[in-house]
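Secondary and tertiary structure notes
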Amino acid sequence: MDDNHWVWPERRDLYHACVALAELQADTAQIGAAVDTLLNDLELFDDPQQGCGIWLYFDELPIADALATKLHAIAGEQTSGDWWHTIIGHSLWPKIRADAVKLSKLISFNGQGSASSGR
């Protein structure tokens, strides 16, 4: 996807974070940046509804919420620092990666526009 065609930067950031988490050979730096984007910048765990109907499509919300919930379960209240290096070895990692794969594919299908614009 061309980064010049995203209507909302939040949607672009969500997509790129999911792509990073979906990588089979993702490294801890990529994972750390992706998790930081999802939990801190986009605040998907704190307020998953905030982008719904704007930059987050309604059919994407349940997957985004599930992904953020799993990430937060590992992070707890510590969403900064270098705790994220343990994610790959965590028992939730396969489910996190699966959610990221699903969500990145759905975002690709739904497109780069806003949810309210219909694509």
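Anything mentioned here points back to the structure above.
Note that the structure is predicted; figures quoted are calculated from it, not measured. All residue numbers refer to position in the chain's written sequence, counted from 1. This being a predicted model, a pLDDT of at least 70 is required before a residue's local features are given, and a value of 80 or more before pairs of side-chain atoms are given or counted; all residues contribute to the totals for chains, interfaces and linings. Hydrogen atoms and water are omitted, and side-chain values are computed over all heavy atoms in the structure.

1. Observations concerning the environment of Pro 9
Basically, it comes down to this: Note on conventions: DSSP H or I runs of at least 4 residues are helices, E runs of at least 2 residues are strands, and numbering of each starts at the N terminus. Burial classification: accessible surface area is computed with a 1.4 Å probe over protein chains only, and a residue below 20% of its type maximum counts as buried, one above 50% as exposed, and the rest as partly exposed.
By the element assignment, Pro 9 lies in helix α1 (residues 9–22). Looking at Pro 9, the relative accessible area reads 39%, which means it is partly exposed. Placed 46 residues apart in sequence, Pro 9 and Trp 55 show a C-alpha to C-alpha distance of 8.5 Å.

2. Remarks on the packing of helix α3 (residues 61–75) against helix α4 (residues 93–110)
Two measures define how a pair of helices packs: the angle their axes make with one another and the distance between the axes. This is how the line gets drawn: Axis lines are fitted to C-alpha atoms, over the contacting stretch for helices. Their N-to-C directions set the angle, which ranges from 0 to 180 degrees. Note that the term roughly parallel is reserved for angles under 35 degrees, roughly antiparallel for angles over 145, roughly perpendicular for angles of 65 to 115, and oblique for everything else. Helix crossings fall into two classes, left-handed where the near helix is turned counterclockwise from the far one by less than a right angle and right-handed where it is turned clockwise. Two residues form a contact once any of their heavy atoms are found within 4.5 Å.
It is at 9 Å that the axes of α3 and α4 come closest, and there the two elements cross at 150°. In terms of orientation, α3 lies roughly antiparallel with respect to α4. The crossing of α3 and α4 is left-handed. Contact with α3, carried on its side by Ile 63, Ala 64, Ala 66, Leu 67, Lys 70, Leu 71 and Ile 74, involves Lys 95, Ile 96, Asp 99, Ala 100, Lys 102, Leu 103 and Leu 106 of α4 and no other residues of that element.

3. Re the nonpolar core
For soluble globular proteins, nonpolar side chains are generally found buried alongside one another. Condition: Take the buried residues of types Ala, Val, Leu, Ile, Met, Phe, Trp, Tyr and Cys, join any two whose side-chain atoms come within 4.5 Å, and each joined set is a nonpolar core.
Grouped together as the largest cluster of nonpolar side chains are 34 residues, with contacts concentrated most on Leu 14, Leu 21, Leu 38 and Leu 71. Here this core gets 8 residues from one element, more than from any other, and that element is α3. Contacts of Leu 21, omitting those with residues within four sequence positions, involve Ile 31, Ala 34, Val 35, Leu 38, Leu 67, Leu 71, Trp 93, Ile 96, Arg 97 and Ala 100.

4. Things to note about the pattern of salt bridges
Applicable threshold: We count a salt bridge whenever a side-chain nitrogen from Lys or Arg sits within 4 Å of a carboxyl oxygen from Asp or Glu.
On inspection of all chains with the given rule, the structure shows 4 salt bridges. A salt bridge links Arg 12 to Asp 13; its shortest N-O distance comes to 3.1 Å. Asp 99 serves as the salt-bridge partner of Lys 102, at 3.9 Å between the closest nitrogen and oxygen. In this pair, Lys 102 and Asp 99 are both assigned in helix α4, 3 residues apart and thus about one turn of the helix distant. Here the salt bridges do not stand alone but share partners, grouping Lys 70, Asp 99 and Lys 102 into one network.

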